[in-house]
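Chain residues, written in single-letter form:
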Amino acid sequence: MEKSVHMYTDDFYHYLSKGAIAPHLPEANEQNRIVIEAFLEAAKRYARGGYDVIVDGIVGPWFLKPWLRIVQEGYEVHYIILRASKEETRKRAVGRAKLDRDANTALVEAMWAQFCNLGTYETNVIDTTTLPITDTVSAIKEKIASKTALLPGA
């Protein structure tokens, strides 16, 4: 029987009850590192228990170092970036966050800029600008099956 877990990274940020810093602020860098390590450890435990684990959230290449380390421990890690055009991303995200419209728009544009040119990870991108959800899921499954989004182990 196939077993799987779908972990939302945002849930781990919501677990912070005192002293939480909005993750998009520069002063949240250390907090973000801790949160990433927390969901990474949870993902590893599920994987050791025989589960396929989907970690769903914003994990930029600047936070991949711990993921690269677990590849060296023998875990198979696929890094897939879903990215739409800037206009489509803005359209989808405005009103989604708890921030006001202007702050949300500025945040979305800043985040989009960080993911618009990923260098060596550009091949891990799936352009979802015009894809319906079913096609996006198919594209993700294809990347996993073909192992074209595996993080390197060395």
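Because the structure is a prediction, the values reported are computed rather than measured.

Check the secondary structure of the chain and you find six helices and four strands. If you list the helices and strands of the chain from N to C, you get β-α-α-β-α-β-α-α-β-α. Computed over its C-alpha atoms, the radius of gyration of the chain comes to 16 Å, within 12% of the 15 Å expected for a compact globule of 154 residues. With respect to the three principal axes, the spread of C-alpha positions in the chain is 45 × 40 × 30 Å.

The next subject is the packing of helix 2 (residues 29-48) against helix 3 (residues 65-72). One way to put it is that helix 2 packs onto helix 3 with a least axis distance of 10 Å and a crossing angle of 25 degrees. With respect to helix 3, the element helix 2 is oriented roughly parallel. Helix 3 is crossed by helix 2, and the crossing has right-handed handedness. Counting all contacts with helix 2, which are made through Ile-36, Phe-39, Leu-40 and Lys-44, the residues of helix 3 involved are Pro-66, Trp-67 and Ile-70. Classifying every residue of the contact of helix 2 with helix 3 by side-chain character gives six nonpolar, no polar and one charged.

Turning our attention to the nonpolar core. If you look at the biggest cluster of nonpolar residues, it comprises 24 residues, and the most contacted ones within it are Phe-39, Leu-64, Trp-67, Val-77, Tyr-79 and Leu-151. Looking at this core, the elements with two or more residues in it are strand 1 (4-8), helix 1 (9-14), helix 2 and helix 3. Sorting elements by how many residues they give to this core places helix 2 first, with five residues. Other than its neighbours up to four places away in sequence, Phe-39 contacts Met-7, Thr-9, Phe-12, Val-55, Val-59 and Trp-67.

As a general rule, the predicted coordinates of low-pLDDT regions are not to be interpreted in detail. Averaged over all residues, the pLDDT of the chain equals 90, while 95% of them reach at least 70. Of all helices and strands in the chain, the one with the weakest mean pLDDT is helix 5 (residues 101-115) (81), whereas strand 4 (residues 125-127) scores best (97).

Let us now look at the pattern of salt bridges. All chains considered together, the criterion is met by eight salt bridges. With a shortest N-O distance of 2.2 Å, Arg-83 and Glu-122 are connected by a salt bridge. Here the residue Arg-83 occupies a position in strand 3 (residues 81-83), and Glu-122 occupies one in the loop between helix 5 and strand 4, the gap between them amounting to 39 residues. Between Arg-90 and Glu-109 there is a salt bridge, with its nearest N and O atoms 2.7 Å apart. With a gap of 19 residues between them, Arg-90 in helix 4 (residues 86-93) and Glu-109 in helix 5 connect regions that are remote in the sequence. Of the residues examined, Glu-109 reaches a relative accessible area of 28% and is grouped as partly exposed. Overlapping salt bridges, with partners in common, bring together Glu-41, Lys-44 and Glu-73 in one network.

Right, let's talk about unusual backbone geometry for a bit. Note: most peptide bonds trans; most residues except glycine with negative phi. Even without glycine at this site, Lys-147 takes up a positive phi of about 60 degrees. Mapped onto the elements of the fold, Lys-147 is located in the segment after helix 6 (133-146). For Lys-147, a relative accessible area of 42% gives the class partly exposed.

Calculation rules
Residues numbered from 1 in each chain as written. Predicted model: local features only at pLDDT ≥ 70, side-chain atom pairs only at ≥ 80, totals over all residues. Heavy atoms only, no water. Helix = DSSP H or I, 4+ residues; strand = E, 2+ residues; numbered from the N terminus. Rg over C-alpha atoms; globule rule 2.2 N^0.38 Å. Axes fitted to C-alpha atoms, helices over the stretch in contact; angles between N-to-C directions. Parallel < 35°, antiparallel > 145°, perpendicular 65-115°, else oblique. Left-handed = near helix turned anticlockwise from the far one by under 90°. Contact = heavy atoms within 4.5 Å. Nonpolar A, V, L, I, M, F, W, Y, C, P; charged D, E, K, R; others polar. Core = buried A, V, L, I, M, F, W, Y, C linked by side-chain atoms within 4.5 Å. Buried < 20%, exposed > 50% of the residue type's maximum accessible area, 1.4 Å probe, protein only. pLDDT = per-residue confidence, 0-100. Salt bridge = Lys/Arg side-chain N within 4 Å of Asp/Glu carboxyl O.

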